[in-house]
Amino acid sequence: MRRWETARVDVPEVIAVVGPTATGKSDLGVDLALALGGEVVNADAMQLYRGMDIGTAKPSPEDRARVPHHLLDLVEPHEEFTVAEFQTHYRAAIDEIGAAARRAILVGGTGLYHRAAIDDLTIPGEWPEIRARLERYAAGFGAPALHARLSEIDPAAAARIEPGNTRRLVRALEVCEGSGRPFSSFGPGLDSYPPTPVAQVGLAWDRERLAGRIEARVTAMVDAGLLDEVRRVRAAGMSRTAAQALGYKELIDHLEGRATLDEAVARVVLRTRQFAVRQERWFRRDPRVRWVTIASDPVAEAAPIVRDALENATT
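About the thresholds
- Residues numbered from 1 in each chain as written.
- Predicted model: local features only at pLDDT ≥ 70, side-chain atom pairs only at ≥ 80, totals over all residues.
- Heavy atoms only, no water.
- Phe/Tyr/Trp six-rings, centres within 6.5 Å; stacked < 30°, edge-to-face > 60°.
- Lys NZ or Arg CZ within 6 Å of the ring centre and 35° of its normal.
- Helix = DSSP H or I, 4+ residues; strand = E, 2+ residues; numbered from the N terminus.
- Buried < 20%, exposed > 50% of the residue type's maximum accessible area, 1.4 Å probe, protein only.
- Pairing = 2+ DSSP bridges.
- Contact = heavy atoms within 4.5 Å.
- Axes fitted to C-alpha atoms, helices over the stretch in contact; angles between N-to-C directions.
- Parallel < 35°, antiparallel > 145°, perpendicular 65-115°, else oblique.
- Left-handed = near helix turned anticlockwise from the far one by under 90°.
- Nonpolar A, V, L, I, M, F, W, Y, C, P; charged D, E, K, R; others polar.

The next point concerns the packing of aromatic side chains. For the structure shown, the criterion picks out three aromatic pairs. Ring pairing ties together the aromatic residues Phe86, Tyr90 and Tyr113, which thus form one cluster. Here the basic side chain of Arg284 rests over the ring of Trp291, its NZ or CZ set 4.0 Å away from the ring centre.

Once that is clear, we can look at the environment of Arg91. Of note, Arg91 is situated in helix α3 (residues 83-99). Using a relative accessible area of 38% as the deciding quantity, one classes Arg91 as partly exposed. Along the sequence, Arg91 and Ile105 sit 14 residues apart, while their C-alpha atoms lie 13 Å from each other.

This next bit is on the sheet that holds strand β6 (residues 290-294). Strand order in the open sheet made by the six strands is β3-β2-β4-β1-β5-β6, with parallel pairing throughout. Looking along the sheet, the strands with just one partner apiece sit at the ends: β3 (69-70) and β6. Together, β1 (14-18), β4 (103-107) and β5 (199-205) form the strand contacts of helix α4 (residues 111-118), whose direction differs from that of β4 by roughly 155°.

A few words on the side chain of Thr82. Structurally, Thr82 is set in the loop between β3 and α3. Of the residues examined, Thr82 reaches a relative accessible area of 18% and is grouped as buried. Excluding anything up to four places from it in sequence, Thr82 contacts Tyr113 and Glu126.

What follows covers the packing of helix α11 (residues 248-255) against helix α12 (residues 261-284). Between α11 and α12, the shortest axis-to-axis distance is 9 Å and the interhelical angle comes to 165°. The orientation of α11 relative to α12 falls into the category roughly antiparallel. For the pair α11 and α12, the sense of crossing is right-handed. In contact with Glu250, Leu251, Asp253 and His254 of α11, α12 contributes Leu261, Ala264, Arg267, Val268 and Arg271. In terms of residue class, the contact of α11 with α12 is built from four nonpolar, one polar and four charged.

Written as structure tokens, this is what we have:
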């Protein structure tokens, strides 16, 4: 049996490759697309931004020439981009790929974007003025005060959000005030994992080996000109969302004199390792994901798990 050949003829129309950063998702996605007549759909929040190429490990021009890629380079770094906007673009991409009788290979590690895509989440609106006021309140009184406030008006949402997670607390309160509805009332939420026709495969590595891959990747990014890229993007302006990208905020600290280059790079490595742990925890909560722990070759070693996922996807 060839690598991706399965006993089933009706391979799912959408296949998702998930997991932490630096696990080999992009390579597996391209290989799957080439083998199954597919096109890659990006689910990484930072690869949406033009010019943020090195630091986001955006697919190479060679891979993009071999396989069509969707949802890359949609907006400038100074522009805000929401989950709802991503969802709209994702639906359009899926329609386009389906009309061409191709398969979509969804690749990325941004958990909320991934769930918005495969589970068609109901995304609440945006109320920037309310958000700005809540952010000022958080700056003065801290995240615990926000959590206490949310506990009063939406206990279900407060129970799901860590008391120190300012960003999520602000968002929950923004939606409560702006919509007049509890944040927890918007759909089944992230704690529900309904049946899905999407075949999901998760890539994981031993934690120490992944740490080594992350350090090697960051070093390669710096050697490839990441500092110059950060300098250009910073000069053009960065939105609140884009400014959260790992690697960029740490090197901006260096450019603004708050850290040496070596200190900034060390922080990028450390924070990326911490982020990878959070990513894996997020995706591990989803019982629908079939996992493979990689020893050396993500594409070859994932093959049995991918075949199983394709053959047993919900129809």
